[in-house]
Structures are given as structure tokens and as C-alpha cells.
Amino acid sequence: MKARLMQGNEACAEGALAAGVRFFGGYPITPSTEIAEQMAKELPKVGGTFIQMEDEIGGMAVILGASLGGKKVLTATSGPGFSLKQELIGYAAIAEIPAVIVNVQRVGPSTGQPTSPSQGDIMQIRWGTHGDHPMIALAPWTVREAFDVAVMAVNYAERFRTPVIIAMDEVVGHMREKVVLPEANEIEIYPRRKPTATRAEGYQPFTPAEDLVPNVANFGDGYHIHVTGLIHDETGFPSGNAQLTKECTDRWHQKIARVQDEITHYDEFFMDDAEFVVLAYGGTARSAYAGVEAAREKGIKVGMLRLMTIWPFADKIVKKAAAKAKAILVPEMNYGQLVHEVERAAAGQTQVISLPKYNTEIFEPSEICEAIETMAKEASK
Amino acid sequence: MATIELISKRCKGCNICVAFCPKKVLELDTLGKVYVKDQGACIACGQCELRCPDYAIYVTKEEK
Amino acid sequence: MRTYEKFFRMNRLPHIWCPGCGNGIVMKAIVQAIEKAGLDQDKTVIVSGIGCSSRASGYMNFDTLHTAHGRAIPFATGIKLANPELNVIVITGDGDATAIGGNHFIHGARRNIDLTVVLFNNNIYGMTGGQASPLTPHGKKATTAPYGTVDRAFDPCQLAQAAGATFVARSTTFHVPQTVDAIVQGIGNKGFSLIETITQCPIAYGRKNKLGDAANMLKWMSEHAAPLAAYNKLSDEQKAEKFPIGVLYKGAAPEYSAEYAKLIKQAMEGKK
Ligand SMILES: Cc1ncc(C[n+]2csc(CCOP(=O)(O)OP(=O)(O)O)c2C)c(N)n1
Ligand code: SF4
Ligand code: SF4
Ligand code: SF4
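Residues numbered from 1 in each chain as written. Chains lettered and ligands numbered in written order. Predicted model: local features only at pLDDT ≥ 70, side-chain atom pairs only at ≥ 80, totals over all residues. Heavy atoms only, no water.

All right, on to the overall build of chain B then. Along its length, chain B carries two helices and four strands. For chain B, the N- to C-terminal ordering of α and β elements is β-α-β-β-α-β. Per-residue burial over chain B gives 41% buried out of 64 residues. Within chain B, counting contacts between residues at least 6 apart in sequence, those at least 24 apart form 52% of the total. Of the roughly 3400 Å² of accessible surface on chain B, a fraction of 54% belongs to carbon and sulfur atoms. Charged side chains of chain B number 10 positive and 8 negative; the gap between the two group centres comes to 4 Å. (Helix = DSSP H or I, 4+ residues; strand = E, 2+ residues; numbered from the N terminus. Buried < 20%, exposed > 50% of the residue type's maximum accessible area, 1.4 Å probe, protein only. Contact = heavy atoms within 4.5 Å. Areas by Shrake-Rupley, 256 points an atom, 1.4 Å probe, with all protein chains shown as cover. Lys, Arg positive; Asp, Glu negative; His and termini not counted. Charge placed at Lys NZ, Arg CZ, Asp CG, Glu CD.)

This brings us to the packing of aromatic side chains. Applying the stated rule across the entire model yields 18 aromatic pairs over all chains. Among the aromatic residues, those joined into a cluster by ring pairs are W141(A), F269(A), F270(A) and Y289(A). Over the aromatic face of W127(A) sits the side chain of R126(A), whose NZ or CZ is 3.9 Å from the ring centroid. For the cation-ring pair, R51(B) lies above F174(C), with the distance from its terminal atom to the ring centre recorded as 4.1 Å. (Phe/Tyr/Trp six-rings, centres within 6.5 Å; stacked < 30°, edge-to-face > 60°. Lys NZ or Arg CZ within 6 Å of the ring centre and 35° of its normal.)

Moving on, we get to the site of ligand 4. Ligand 4 sits among W17(C), C18(C), C21(C), C52(C), N122(C), G126(C), C201(C), P202(C) and I203(C). Residue composition of the shell around ligand 4, by class: seven nonpolar, two polar and no charged. (Near = heavy atom within 4 Å. Nonpolar A, V, L, I, M, F, W, Y, C, P; charged D, E, K, R; others polar.)

A separate point is the sheet that holds strand β12 (residues 276-281) of chain A. Residue and element names in this part refer to chain A. As summarised here, the arrangement of the five strands in space is β11-β13-β12-β15-β16, forming an open sheet in which the pairing is mixed. Looking at the sheet topology across the chains shown, the edges are occupied by β11 (266-269) and β16 (351-356). Going from strand to strand, the sheet's axes swing by 20° on average, the running direction of each strand aside. For β12 and strand β15 (residues 327-332), the ladder comprises three bridges, and the chain directions are parallel. Looking across to β15, one finds that V278 is bridged to L329. Sitting on the sheet, helix α12 (residues 338-346) touches β12, β13 (302-307), β15 and β16, and the angle it makes with β16 is about 175°. (Pairing = 2+ DSSP bridges. Axes fitted to C-alpha atoms, helices over the stretch in contact; angles between N-to-C directions.)

With 18 residues of chain B at the interface, the matching set in chain C holds 27 residues. When chain B packs against chain C, close to 1900 Å² is buried across both sides, 57% of that on carbon and sulfur atoms. Ranking the residues of chain B by area buried against chain C places K12(B), R51(B) and Y55(B) at the top, with a combined share of 34%. Counting the contacts that link chain B with chain C gives one salt bridge. We note a salt bridge from R2(C) to E49(B), for which the minimum N-O separation is 2.7 Å. Put simply, chain B and chain C have 10 residue pairs in polar contact (both at pLDDT 80 or more) between them. Going through the elements one at a time, α1 (16-20), α2 (47-51) and β4 (57-61) of chain B are the ones with two or more residues in the side of chain B that touches chain C. (Buried area = accessible area lost by both parts, 1.4 Å probe. Salt bridge = Lys/Arg side-chain N within 4 Å of Asp/Glu carboxyl O. Polar contact = N/O pair within 3.5 Å; in protein donor to acceptor, adjacent residues only side chain to side chain.)

Take helix α8 (residues 242-257) of chain A next. Residues and elements named next belong to chain A. Given a rise of 1.5 Å per residue, 16 residues ought to cover 22 Å, and the 23 Å separating the end C-alpha atoms of α8 matches this to within 8%. All of the buried residues in α8 are L244, C248, T249, R251, W252, K255 and I256. Down the axis, α8 shows its buried residues gathered within 155° of arc, on one side only. Structurally, α8 contributes buried residues whose contacts are with α4 (79-95), β7 (136-138), α6 (143-160) and α9 (260-263). (Expected span 1.5 Å × (residues − 1). Arc of directions from axis to C-beta.)

With that out of the way, let us pick up the site of ligand 2. Every residue close to ligand 2 is listed here: C11(B), K12(B), G13(B), C14(B), N15(B), C17(B), L28(B), V34(B), C52(B), P53(B), D54(B) and A56(B). For the shell around ligand 2, the residue count by class is eight nonpolar, two polar and two charged.

All names here are of chain A. Closest axis-to-axis distance for the helix α1 (residues 8-18)/helix α2 (residues 33-42) pair is 8 Å, and the angle between their directions is 45°. With respect to α2, the axis of α1 lies oblique. Here α1 runs over α2; the crossing is right-handed. Across from N9, E10, C12, A13, E14, A16 and L17 in α1, the residues of α2 making contact are E34, I35, Q38, M39 and E42. A class-by-class count of the residues in the contact of α1 with α2 yields six nonpolar, two polar and four charged. (Parallel < 35°, antiparallel > 145°, perpendicular 65-115°, else oblique. Left-handed = near helix turned anticlockwise from the far one by under 90°.)

Another point: the interface of chain A and chain C. Each side of the interface is counted separately: chain A has 41 residues, and chain C has 39 residues. Roughly 3200 Å² is buried in total at the junction of chain A and chain C, and carbon and sulfur atoms are behind 60% of that figure. Counting the contacts that link chain A with chain C gives one salt bridge. Among the salt bridges present, the one from R111(C) reaches E54(A), with a minimum N-O distance of 2.6 Å. Among the elements that line the side of chain A that touches chain C, the one with the most residues is helix α3 (residues 56-68) of chain A, at eight residues. Looking at the side of chain A that touches chain C, its residues break down into 21 nonpolar, 14 polar and six charged. One ladder, built from three bridges, connects strand β10 (residues 226-228) of chain A with strand β2 (residues 63-66) of chain C; its direction is parallel. Note that in β2(C) the partner of T228(A) across the bridge is H66(C).

Here's what the structure looks like:
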């Protein structure tokens, strides 16, 4: 395929289509709107459905309905809309409905700075809805990766029957790059899970398979299943049982925890001899990479960890890096959020330094280079 | 003649069937469940079954 | 054994509703209507929100979805658009449909998407113990309106009609055969159908407003409901004492899922 110039948002939409998404419901909001616009144009061409809903809650509800109806589904939003979606993201988690939500982050809280980039929702992405449930969130740092992450997000949502968040930021969403997208036959697609038994054979919609994920039937397939946002047993019907409540909560967490290594995606740069580490993600990782290169030129042995999987958090990777590093620098376009996870995972093995930025501007590589220099100087004192 | 089938397990003693029975066939017992007091008076009008919110009473008209 | 019982999950009965609650009457009317309309059990989906009434989905033997408070209509919209061959019936309470879900309600009507919405109107928030809803009549008491509501109530039928619904009917739990018939007609309408069913909540509404027991509340309905034709002949003073029941509005408009299917067809042909 020949190289095309495209935006991160566009690549994300293309990735979702390539992964088999055939339903999109949403509500326009900067800087995510291009995804909705692209889906509105492309979905009907492949037999899919786009619907503009009356608000983001409706956008979330409509995709969950469509997912139960058998379609692979996507919605896209930004800060204020992401806040509105929270209750039903929790619904997707408890009712185990596959769905992908793109959050192209912008400066908040509230209307904040609507067109400015941010990574300020990283904790909301993890903890935004009420109650305990695991979360998968992936953050691309290039336009091409926005495509790959979208494919991966759809596959994970289907495989684990869980909501998956694409943690974009305005930088990656609106950036244009020349990309070569993979051919359809190069893309691995996880198909919708299907019941493996009939009702007569004792099929229950929420009996976990070996991988702890249930094979829930689609509506209309004749299984007469019941789906609820109440805690339910394998039959799908609610139960107030204390032990069951615990077991359900355990299973949702375990179905993701057991594959944590497999779904933890990251890049390491210059880590072999690194004395210092910069940990970054999303749009910030681009400036960080340039900053690390510049610091290397100045003779500082600095490496970089770039996280694509934000949640579940890459504890092992960070712990390993922390064991060797004199310090870890965490630049983020927020007041300092993921840095707390880095500190937790580093568990006191090394110093973790926050480099927050929340003035609507993206990081300059020079800022990161300077921070690396300061970090190195402080360490040699 | 009619047969009146009661599914006591489902009866919540709301009194709707008793109040709507035109022939005072039904009554609530001390436990608050419906019972047939005067089977002979039943005219198989079906009001009780029609109005029972709990599907606890069924009336079948018997062909003579 | 009644033939409509195959549409109940009999092993889940008795249901959770209070003694005398009208929800059981409406739920039976729905399954009877489904039977009358001859819907395929495998291709019929029941979608409900949250509230006492919305618990009905769990007792009905179809694919059933008990969603979140107020959100039944957009979930149902997704199901219908994902698989337009499905018959989608929505069960919702007065708070569920017209307070938290009010926006979805009017937009569902606006789209005229083929959903049959049965609104269980008990004039109160039953599940949470009797707070005022947008359908609590002005001046009536609720736990959050201890001196009587200051708010004015919606007329959900007028609301749906104004918003674009193509079938609007009102019935009550006293008028059982009429309720069944209205739902059958609603199912038959290819578009957004609303069947408002006035139902008694003797526990959280009746008691608070001294309306007597369930049987008394049913009698009140029989005395105050007037078939539309008769209602229209009443004087304004007489009208103030009554409310109209029956089919209140029938309209014709393009149906959303059918329109979108056309759009898909065009887009797919255009691509060739
Ligand atoms: C987002 C949200 N807000 C509030 C509630 C609490 N709640 C549950 S049911 C209900 C009201 C139900 O009233 P209605 O829709 O009239 O149904 P009914 O119980 O009377 O049948 C409320 C406020 C909730 N479950 N979710
Ligand atoms: S109407 Fe039904 S539930 Fe109520 S008393 Fe009669 S049989 Fe019992
Ligand atoms: S069928 Fe009619 S007369 Fe007989 S018990 Fe029921 S309500 Fe009474
Ligand atoms: S509170 Fe009211 S609506 Fe709820 S079950 Fe009881 S009687 Fe029915």
C-alpha cells in the first residue's frame, strides 16, 4: 500500500474499521470529532451504521446496545463527553460488553481549554466510573500507531469482553504524518465470541470459559439471555449473594491480570547502558524521545521507556528499570498523574521525578533535555 | 360451573380479586392468602384472573 | 397454564413487586400483546431501564436487557440498528422515561425508530421509596414533596407526539384488554410507539396520598379515564376531572432503521 498523509484521528478510525467495527454512536466534541465524521462517511460503505446521538451518554448506551446486537462498536469523545460516559463504561465492565471508547484528551477540568492538548484524563480513564473493575487503556504516539492501537483495542474488547479506552491526546489526534497502513490480510482480527453449547446442553451466558471470559450470546441468536448491570451469577440474573459479589469482582480483575504481560506494550530506547530513564507516553513521548537523543549527544547515559499500554500499569517493566536507574523522569501534559504509578512501581528503588506541564503547550525537546541534565547533575552531587 | 385454580405461593394477598369478584366468591385467609369461600357462586366471569397482578389465580369455565 | 406463559420465565416468579402493585398487570398485558401480534420469541428483545417497573425484563422469556436508569431507549436504539429484524420493546418507568431519560425519550420519538415503548406510569419513583417524578400530578405528595409538588407534570403522550412519535396511546391497569390492544397496535406500527399505562403503586404513592388500597386505585382509574371520543365531547370543567385513554395519535413518518438501511444500500452501491 502506498504512503498516505493522514491525521491520528483518521488513522484511529481506519484502524477500527479494519478491525471490524461496524457501529459507531457518539456526540461531536473537539478534538475527537474527525473520528465521528470519518465513521459517518465510511461505515455505510461497508454495511455499517453511524448514529449521532443526543449526548455522550446516549452515545455510550447506543454502542452497548449495538454490541449486544452483535456488532463491533466504537465511540469517540473528549474530556467533558468522557466524563458523561462514565456510568455506562462501568456498565460495559460489569455486563461484559465489548466496546471501544476513544478519548482524545484536551485540557480540563470542565470545558477547560477545548482545543489544547492534555494528558489530564489518564487517571479518570482508570478510575472514572464507580466501583471496582479492571481497565485496559492504550496510548498511541504516532499516526501509524493510532491505527494499530485501534485494531488492538477492538481485538482486546472482543477477546476479554470489556471496555477498552484509546487514550489519545490532541497532539497525536491532530498530527499529520505520512503512513503506510497494513493490508487487510496482514491484520489479525479477534472474532466475536460465540456460545459453545446449546441451552439444552446447559449453556449459561456468563459461565466463564477457560480464559475466565464468558461466551455471551448475541441478542437474536435464540438463547434468551438476560443482561443486567446488577451483580449476577452465570445465568445472568441478579443475586445479592456476598460470596458471589466477591467472586465476580475477582474474576473481572483476573481475566485481565492473567494476560497482563501479554497486553503490556512498550518501547525501550537506549536502555542497555542507561543510568537515567525518561518514562513517557502519547504525544509527550515524541518530545521526550528528541530530548533523550539531545541529552545522549551531551554524553548523558539516558534511556527511555515509552508506554503504549497505560492500563493495566506496566509494573514489572517500571520496577526493572527502577532497579538499575539512578532516577526516572516522568514528563506529562498534566499536573502529575501517571508519575504516582511510576513511584508506586519503583517502590523506593530510585528517585522518581515529575515533569508536569499544563499550560496548553506541548513539551519542547529542549525542556526535556534540560530536565535530564538537571536530573543527572543532582544525582552526581 | 368453573374451576378456580389458586397458586398460593404467588398470592400476595392484595385483595384485588376479592374486591372485584362480583359474587363474593373469594376471601383472604388469616395468613393473607386468597381462598375460595363460595365456589358455587362463581360465574366464571374471569375478573379475578384478569386483575391479579401476581398470576396467582386462574379460572376455567367448564363446559356442561 | 395459559399460552402466554411461555413468554414468562416461570421459574423466576413470584416477582418482587409489592402486594397490589400494577406492574404485574402491565407485564402480563405485554406478553399477551406479543402473543397476539405473533412475534417470534427468538427475535424479540425486551429492554428496560432502572426502577420497579424496569425489573419486568428479568421475568420475560426473551433476550432481555436491564440497562441503567433512563437509558433503555438509546440501548434499544443500538440493538434495533445493529439488527433491524429484531422487535424491540422498551419497558420504562415515569422517572426513567421522562426525568433522567427524558432527552433520550424525545430523541427516540424524533427519529421515529421502530421501538415499542411501554411506559409504566405510577406517578412516583417507586424503587427508591416514593420521591416525586415529572409525572407526579401537581400538588400530590411524595417523600421529596412533603407539602405537595410545586412542579407541574408532563403529559408524556403529548410530549411523544410533539417530538415525532407515530403511535401514541394511553391505557390503565384497570383497562386490561384495551392495554393489550394498544400494545398490539404499537408493535404493529413501524416507528416509535408509546403506550403510557397508568399503573397503581399502592405502597409508595397511594399510601402517601391516601388513595386507598390497590383495588381502590383501580376503581379510581375506571372512574376517571374516558375513551378519547367520549373525552372530546366533555366540557372543559368535566375534562379537568378526567383523562383520555385509547389511541391518542397515529401518524406516518419514515422509520429510522429503514431509512438508514436505504442509506447503506446506496453507499455500498456507490462504492462499486
Ligand atoms: C443514575 C441513577 N440515578 C439514580 C438512581 C436511583 N434510582 C433508581 S430507580 C429510581 C426511580 C425510579 O422511578 P421510576 O422510573 O418512576 O420507576 P418505578 O420504580 O416507579 O417503577 C431512581 C431515582 C439510579 N439507579 N441511577
Ligand atoms: S389478586 Fe392475586 S395476589 Fe391479590 S389477593 Fe387475589 S390472588 Fe392474591
Ligand atoms: S371468576 Fe368471577 S365470580 Fe368467579 S371467582 Fe373470579 S371474579 Fe369471582
Ligand atoms: S414500590 Fe410501588 S411500584 Fe414499586 S413494587 Fe411497590 S407498589 Fe410497585
